[in-house]
Amino acid sequence: MSLGSTPLRYRISIDRERCMECERCIENCSYGVFRREGEKIMIDSRKCTACHRCLAMCPRDAIMLEEYPCDYRSHPVWTRQAREAIYNQAKTGKIILSGMGNALDYPIIFDRLVLDACQVTNPSIDPLREPMEVRTYLGKKPSRIEVKKKENGDVELVTELVPNLQAETPIMIGHMSYGAISLNAQLSMARAVAETGTFMGTGEGGLHERLYPYQNHMIVQIASGRFGVDIDYLERGSAIEIKIGQGAKPGIGGHLPGEKVCLDVSCTRMIPLGSDAISPAPHHDIYSIEDLAQLVRSLKEATEWKKPVFVKIAAVHNAAAIAAGIARSGADAIVLDGFKGGTGAAPRVFRDHVGIPIEAAVASVDAKLRGQGIRNEVSIIASGGIRESADVAKAIALGADAVYIGTAALVAMGCRVCGSCYRNLCPWGIATQQQNLVDRLDPDVASKQVANLINAWTLELAELMGAAGINSIESLRGNRDRLRGYMLDESLMSVLDVKQVGA
Ligand code: SF4
Ligand code: SF4
């Protein structure tokens, strides 16, 4: 006997009194929910992903979307998600793919941390009237500085400084590759980081030539597939990032389906047209910290020691020990990607069950590096689940130097977190290579929205710092005394090294 169909996830209906039959819903829904049959616009709600494109485009507000119009009998263990995953796998025998970040109802640690503010005895600082330093330098810092006095009385720096990345804000955009997302999406973000004086990652898909004008704001990535990597690519980036792991799918590689590998993507990635781009789980030349050190050194040699080299790992149980090794490998920054990190496509079981929260990873890595006296050897970049400026402030107070945002930048461009990025049908023109859909995203408009978001968060960060009497990002970094745990258990507070509220 067949399992039959599962209950509807969303129900779409049209208020026929309001509808003016303009058919914009038919034109705009790339999932095929709407079609015309004779006089009537018909609806197939089963195809709906709640991308909200039709709601946004209907000129008469005639469309209604209802979530879970018919639910399963409720049960605390056999949730809707658990049952649907079983039905799905009983039918297909396959691994379930999913988009966006971890969807389980884990507590979000950022929401259980509160920031401090000055009152009476320690005056706050008004960022509108006093200078507030949010400029961030990423890379190695000398443990001590030597200076010598010149004959004319000036002081000269003797210590040789290694190249650092100078960002005007500690908010950067993480790696989302061309292929996973559209060129218009990458262009929009590139213009936004250039405007705000910060950086974005290329992801593992190479660097399209239309991004060359923004290369001074690009961190070029090398992942296990080595797509698009040659000396020209390395030389164009402001920094180079070796991707070992990703928060949404720790321990496994990547898979860009062949239908997303259009001519342009194939040229940029240097792979055949229409072929699946599969990155292996490990780098086949890295099986130890010594191997990693060799690659770090090779990349520095290849680029004449002019560019910082970052190493990105997924936040996992022993992230602190691994980070200590990375710091000794010669790398200039460690990127920690927490298990709330987004993805275009990941096996659901990995996305939801593997890895650790970014808050715990940052705190433990910062503590380990400080304990070993090597914190100045590397910067820490936190990514995976940064949703607002308060998360940025908390991540920095836990020990990060800067953060990467990903999903937040996509949302600023119009993404509705529908989680269907791997289907190449993104109705907002972001996670697709279909030109008619890509054209829906206007880089002039989207870049402004992303720049606005970065500017707004930076302003809020300055306000939060000012309220806490802190006038430089350096003084916030690792300053756990300005954080308190609220409704967190003692063992987690000890990992985070924060006190509880009231203490
Ligand atoms: S977009 Fe709105 S007004 Fe136009 S046909 Fe669809 S439901 Fe009717
Ligand atoms: S990028 Fe597009 S497909 Fe992916 S979640 Fe956002 S709206 Fe949906």
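The coordinates are above.
Quantities reported herein were computed from a predicted structural model and do not represent experimental measurements. (Residues numbered from 1 in each chain as written. Chains lettered and ligands numbered in written order. Predicted model: local features only at pLDDT ≥ 70, side-chain atom pairs only at ≥ 80, totals over all residues. Heavy atoms only, no water.)

*Asks:* Can you help me understand the packing of helix H4 (residues 183-196) against helix H14 (residues 443-467) in this one?
*Replies:* Each pair of packed helices can be summarised by the angle the axes make with each other and by the distance between the axes. Where H4 meets H14, the axes come as close as 8 Å, and the angle between the chain directions of the two elements is 45 degrees. The angle between H4 and H14 places the two elements in the oblique class. For the element pair H4 and H14, the recorded crossing hand is right-handed. Residue-level inspection shows Asn184, Leu187, Ser188, Arg191, Ala192, Val193, Glu195 and Thr196 of H4 in contact with H14, the latter providing Pro443, Asp444, Ala446, Ser447, Lys448, Val450, Ala451, Ile454 and Asn455. Looking at the contact of H4 with H14 residue by residue, the class counts come to 8 nonpolar, 5 polar and 4 charged. (Axes fitted to C-alpha atoms, helices over the stretch in contact; angles between N-to-C directions. Helix = DSSP H or I, 4+ residues; strand = E, 2+ residues; numbered from the N terminus. Parallel < 35°, antiparallel > 145°, perpendicular 65-115°, else oblique. Left-handed = near helix turned anticlockwise from the far one by under 90°. Contact = heavy atoms within 4.5 Å. Nonpolar A, V, L, I, M, F, W, Y, C, P; charged D, E, K, R; others polar.)

*Asks:* Can you help me understand the side chain of serine 420 in this one?
*Replies:* Tracing the backbone through its elements, the reader meets serine 420 in the loop between helix H12 (407-413) and helix H13 (435-438). Here serine 420 is in contact with Tyr31 and Thr49, once residues within four sequence places are set aside.

*Asks:* Can you walk me through the site of ligand 2 in this structure?
*Replies:* With respect to spatial proximity, 13 residues lie near ligand 2, and among them Cys415, Cys418, Gly419, Cys421 and Cys426 are the closest. Grouping the constituent residues of the shell around ligand 2 by class yields 10 nonpolar, 2 polar and 1 charged. (Near = heavy atom within 4 Å.)

*Asks:* Explanation requested: the packing of aromatic side chains in the structure shown.
*Replies:* Two aromatic rings, taken as a pair, are described by how far apart their centres are and by the angle between their planes. Under the defined criterion, the tally for this structure stands at 2 aromatic pairs. Centre to centre, the rings of tyrosine 72 and tyrosine 87 are 6.4 Å apart; their planes meet at 20 degrees, and the pair counts as stacked. One end of the pair, tyrosine 72, is in the loop between strand S4 (63-67) and helix H3 (80-92); the other, tyrosine 87, is in helix H3, and 15 residues separate them in sequence. In this structure tyrosine 72 comes out as buried when scored by relative accessible area, which is 13%. Given the relative accessible area of 29%, tyrosine 87 is considered partly exposed. (Phe/Tyr/Trp six-rings, centres within 6.5 Å; stacked < 30°, edge-to-face > 60°. Buried < 20%, exposed > 50% of the residue type's maximum accessible area, 1.4 Å probe, protein only.)

*Asks:* Where do I start with the packing of helix H8 (residues 319-328) against helix H10 (residues 358-371) in this structure?
*Replies:* Following both chains from N to C, one finds H8 and H10 inclined at 50 degrees, their axes separated by 8 Å at the closest point. Between H8 and H10, the angle is such that the two are oblique. The crossing of H8 and H10 is right-handed. For the pair H8 and H10, contact is made by Ala319, Ala320, Ala321, Ala323, Ala324 and Ala327 and by Ser364, Val365, Lys368 and Leu369, respectively. Split into classes, the residues belonging to the contact of H8 with H10 amount to 8 nonpolar, 1 polar and 1 charged.

This is a description of form; function is not addressed.
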